[in-house]
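Observations on chain architecture
Spelled out from the first residue to the last, the chains are:
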Amino acid sequence: MQTNQLDKKNINKLVITFYTRVLKDEKLAPFFIEHLGPDMKSQTWETHMDLLTDFWTTLVTGSGDYRGFPFPPHAQMSGLDREAFETWIKLFFESVDKIFTEDIAMKFKEKSSIIASNFMRNLGI
């Protein structure tokens, strides 16, 4: 059931939905398992989910909950390529469409497309 409630609870639902899909994807799962482990219920994953919930909440609502720098950890990852980012976008869009109504989903899609483009440019891929 899609929602038009853009709040932290639903953004957290989006983050969980997305990473559940990521861990099932043969292209993306290895990147996350290497850095966070295979168990989304671990403290490492919970910390990451909280961070990403704050990140997306800040990007889409302007809440200011996130004050970090998302690119540096990705610069440390070897093996990232254009296909990984295309897969990331595809899974993210599917997750957004599952959780949010079209008008809200578009906000996430616009922001995530910009992020993916910037990361690929900064990584030279």
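These figures come from a predicted structure and were not determined experimentally.

Let us now look at the packing of aromatic side chains. According to the stated counting rule, one finds 15 aromatic pairs in the structure shown. Grouped by ring-pair contacts, the aromatic residues F18, Y19, F32, W45, F55, W56, Y66, W88, F92, F100 and F108 constitute a single cluster.

What follows covers the environment of L36. Along the chain, L36 turns up in helix α2 (residues 29-36). Between the C-alpha atom of L36 and that of T47, which follows or precedes it by 11 residues, the distance is 9.8 Å. The residues touching L36, leaving out its near neighbours within four places in the chain, are S42, T44, W45 and H48.

Here we come to the packing of helix α5 (residues 82-99) against helix α6 (residues 102-123). The N-to-C vectors of α5 and α6 enclose an angle of 170°; their axes lie 10 Å apart at closest approach. Considering the angle they form, α5 stands roughly antiparallel to α6. For the pair α5 and α6, contact is made by R82, F85, W88, I89, F92, F93, V96 and D97 and by A105, F108, K109, S112, S113, A116, F119, M120 and L123, respectively. Each residue belonging to the contact of α5 with α6 can be placed in one class, and the counts come to 12 nonpolar, 2 polar and 3 charged.

Moving on to α5. Taking 1.5 Å as the rise per residue, α5 with 18 residues should run 26 Å; its terminal C-alpha atoms sit 26 Å apart, in good agreement. Within α5, burial applies to A84, F85, T87, W88, I89, L91, F92, S95, V96 and I99. Contacts made by the buried residues of α5 are with α1 (8-22), α2, α3 (43-61) and α6.

Within the largest apolar cluster, 36 residues are counted, with the highest numbers of intra-cluster contacts made by Y19, L28, F32, W56, F100 and F108. Elements that contribute at least two residues to this core include exactly α1, α2, α3, α5 and α6. Ranked by the residues each element gives to this core, the list is headed by α5, at 8 residues. When sequence neighbours within four positions are dropped, the list of residues in contact with L28 reads V22, A84, T87, W88 and L91.

This part takes up the pattern of salt bridges. A full pass over the atoms with the stated rule returns 7 salt bridges. Here K27 makes a salt bridge to D81, at a shortest N to O gap of 2.9 Å. Of this pair, K27 sits in the loop between α1 and α2 while D81 is found in the loop between α4 (71-75) and α5, placing the two residues 54 residues apart along the sequence. Judged by relative accessible area, D81 falls into the partly exposed class, the value being 26%. Residue class for K27 comes out partly exposed when judged on its relative accessible area of 22%. Here the salt bridges do not stand alone but share partners, grouping K8, D54 and D65 into one network.

This brings us to the side chain of N10. With respect to the element layout, N10 can be found in helix α1. Of the residues examined, N10 reaches a relative accessible area of 8% and is grouped as buried. Reaching out from N10, the side chain makes a polar contact with the backbone oxygen of Q5 at a distance of 2.9 Å. Not counting residues up to four positions away in its chain, the partners in contact with N10 are T3, Q5, I99 and F100.

So, how was this worked out
- Residues numbered from 1 in each chain as written.
- Predicted model: local features only at pLDDT ≥ 70, side-chain atom pairs only at ≥ 80, totals over all residues.
- Heavy atoms only, no water.
- Phe/Tyr/Trp six-rings, centres within 6.5 Å; stacked < 30°, edge-to-face > 60°.
- Helix = DSSP H or I, 4+ residues; strand = E, 2+ residues; numbered from the N terminus.
- Contact = heavy atoms within 4.5 Å.
- Axes fitted to C-alpha atoms, helices over the stretch in contact; angles between N-to-C directions.
- Parallel < 35°, antiparallel > 145°, perpendicular 65-115°, else oblique.
- Nonpolar A, V, L, I, M, F, W, Y, C, P; charged D, E, K, R; others polar.
- Expected span 1.5 Å × (residues − 1).
- Buried < 20%, exposed > 50% of the residue type's maximum accessible area, 1.4 Å probe, protein only.
- Core = buried A, V, L, I, M, F, W, Y, C linked by side-chain atoms within 4.5 Å.
- Salt bridge = Lys/Arg side-chain N within 4 Å of Asp/Glu carboxyl O.
- Polar contact = N/O pair within 3.5 Å; in protein donor to acceptor, adjacent residues only side chain to side chain.

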